[in-house]
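Descriptive structure summary
Each chain, letter by letter, is given below.
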Amino acid sequence: RCPEVEDPPGRQRLEGNLRVIRDEVDRLDKVVKNFLLAVRPQRPNWSFVPLEPLITATLNLLEPELKEHHVRVIFQPLEREQLVPVDEFQIRQALANLLRNSIEAMPEGGEIRICLSLLPDRVRIELLDTGEGIPRRIQKRIFEPYFTTRADGTGLGLSVVERVIREHQGRIRLDSEPRQGTCVTLDLPLSASHTKQIPILEEDTEQE
Ligand SMILES: Nc1ncnc2c1ncn2[C@@H]1O[C@H](COP(=O)(O)OP(=O)(O)OP(=O)(O)O)[C@@H](O)[C@H]1O
Ligand SMILES: [Mg+2]
């Protein structure tokens, strides 16, 4: 909102332009980050991260896009805080890619449900949308780099998600019912060989 611009048509135009700029910045941010993750994979930067704030931070980042597309999010967290060994930047990017795919699949708006569950050795993140779903004949191609059905898509989104999850020694599974919706299940291990490299910070190393 721009209260300092008095005349309503001018203000509307300005707000419209600002929205276009914001959307373009978001789009470029996504393209650049995915491109870098796809072509120049960085060695992951492991740390133990609480899962719930990681997800809410990603949702907050996407809030304008969710609102604009009339997508409601229902987030069902775990009963207790759970630390997971992840590269926080990469998991956020993976979640953002999945959420954006869901938003794009619901041009008339809809709902995304995020459910967390704790299994003996891993956490499960399920993302369900009420979007258009994926036609069966293309379902096996969607993880290929550069495969897209969208005019402005790069087709890198899911290939990056797949790589990130693989590097976390996790699993990804996608089930989709055309015209009903899509469910993506991510399993992240609570301990794996990569987690042994994570330095355990001593309490007394925290200083003012
Ligand atoms: N939740 C979903 N609902 C329906 N179709 C989906 C969903 N997620 C992925 N797809 C399909 O899989 C294709 C590949 O997805 P991917 O994220 O890799 O690329 P993209 O979304 O097309 O491009 P970009 O990620 O650069 O915007 C999409 O073009 C779309 O057809
Ligand atoms: Mg995508």
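Presented here is an overview of the structure given in this document. (Residues numbered from 1 in each chain as written. Chains lettered and ligands numbered in written order. Predicted model: local features only at pLDDT ≥ 70, side-chain atom pairs only at ≥ 80, totals over all residues. Heavy atoms only, no water.)

Attention now moves to the overall build of the protein. A count of helices and strands for the protein gives four helices and seven strands. Written out in order from the N terminus, the α and β elements of the protein read α-β-α-β-β-α-β-β-α-β-β. By principal-axis analysis of the C-alpha atoms, the protein measures approximately 60 × 55 × 35 Å. When each of the 208 residues of the protein is scored for burial, the buried share is 39%. In the protein, of all internal contacts separated by at least 6 residues, the share reaching a separation of at least 24 is 72%. When the accessible surface of the protein is summed, it comes to about 13100 Å², and 51% of that surface belongs to carbon and sulfur atoms. Charge centroids of the protein, computed over 29 positive and 35 negative side chains, lie 7 Å from each other. (Helix = DSSP H or I, 4+ residues; strand = E, 2+ residues; numbered from the N terminus. Buried < 20%, exposed > 50% of the residue type's maximum accessible area, 1.4 Å probe, protein only. Contact = heavy atoms within 4.5 Å. Areas by Shrake-Rupley, 256 points an atom, 1.4 Å probe, with all protein chains shown as cover. Lys, Arg positive; Asp, Glu negative; His and termini not counted. Charge placed at Lys NZ, Arg CZ, Asp CG, Glu CD.)

A contiguous nonpolar surface patch, about 330 Å² in accessible area, is contributed by Leu14, Leu18, Ile21 and Val25. Assignment of secondary structure puts Ile21 in helix α1 (residues 8-39). (Patch = residues over 30% accessible without salt bridge, like charges linked within 9 Å, V, L, I, M, F, W, Y side chains within 5 Å. Salt bridge = Lys/Arg side-chain N within 4 Å of Asp/Glu carboxyl O.)

Taken as a whole and judged by the stated rule, the model has 18 salt bridges. Note that Arg122 is salt-bridged to Asp121, the shortest N-O span being 3.0 Å. Between Arg166 and Glu162 there is a salt bridge whose closest N-O contact spans 3.0 Å. Remark: Glu162 and Arg166 occur in helix α4 (residues 157-167); sequence separation between them is four residues, near one turn of the helix. Classification of Arg166 by relative accessible area gives partly exposed; the value is 49%. Here the residues in one salt-bridge network are Asp121, Arg122, Arg124 and Asp187, joined through shared partners.

On to the site of ligand 1, then. The full set close to ligand 1 counts 19 residues, and Lys30, Thr148, Thr149, Arg150 and Thr154 are the nearest of them. Residue Gly155 places a main-chain N or O atom 3.1 Å away from an oxygen atom belonging to ligand 1. Side-chain polar atom of Thr182 to a nitrogen atom of ligand 1: 3.5 Å apart, as the coordinates give it. Among the secondary structure elements, those contributing two or more residues to the shell around ligand 1 are α3 (88-104) and α4. In the shell around ligand 1, the residues fall into five nonpolar, ten polar and four charged. (Near = heavy atom within 4 Å. Polar contact = N/O pair within 3.5 Å; in protein donor to acceptor, adjacent residues only side chain to side chain. Nonpolar A, V, L, I, M, F, W, Y, C, P; charged D, E, K, R; others polar.)

When the terminal C-alpha atoms of α1 are compared, their 46 Å separation across 32 residues agrees well with the 46 Å that a helix rising 1.5 Å per residue should span. Turning to α1, its buried residues are Gly10, Lys30, Asn34 and Leu37. The inward-facing, buried residues of α1 abut α3 and α4. (Expected span 1.5 Å × (residues − 1).)

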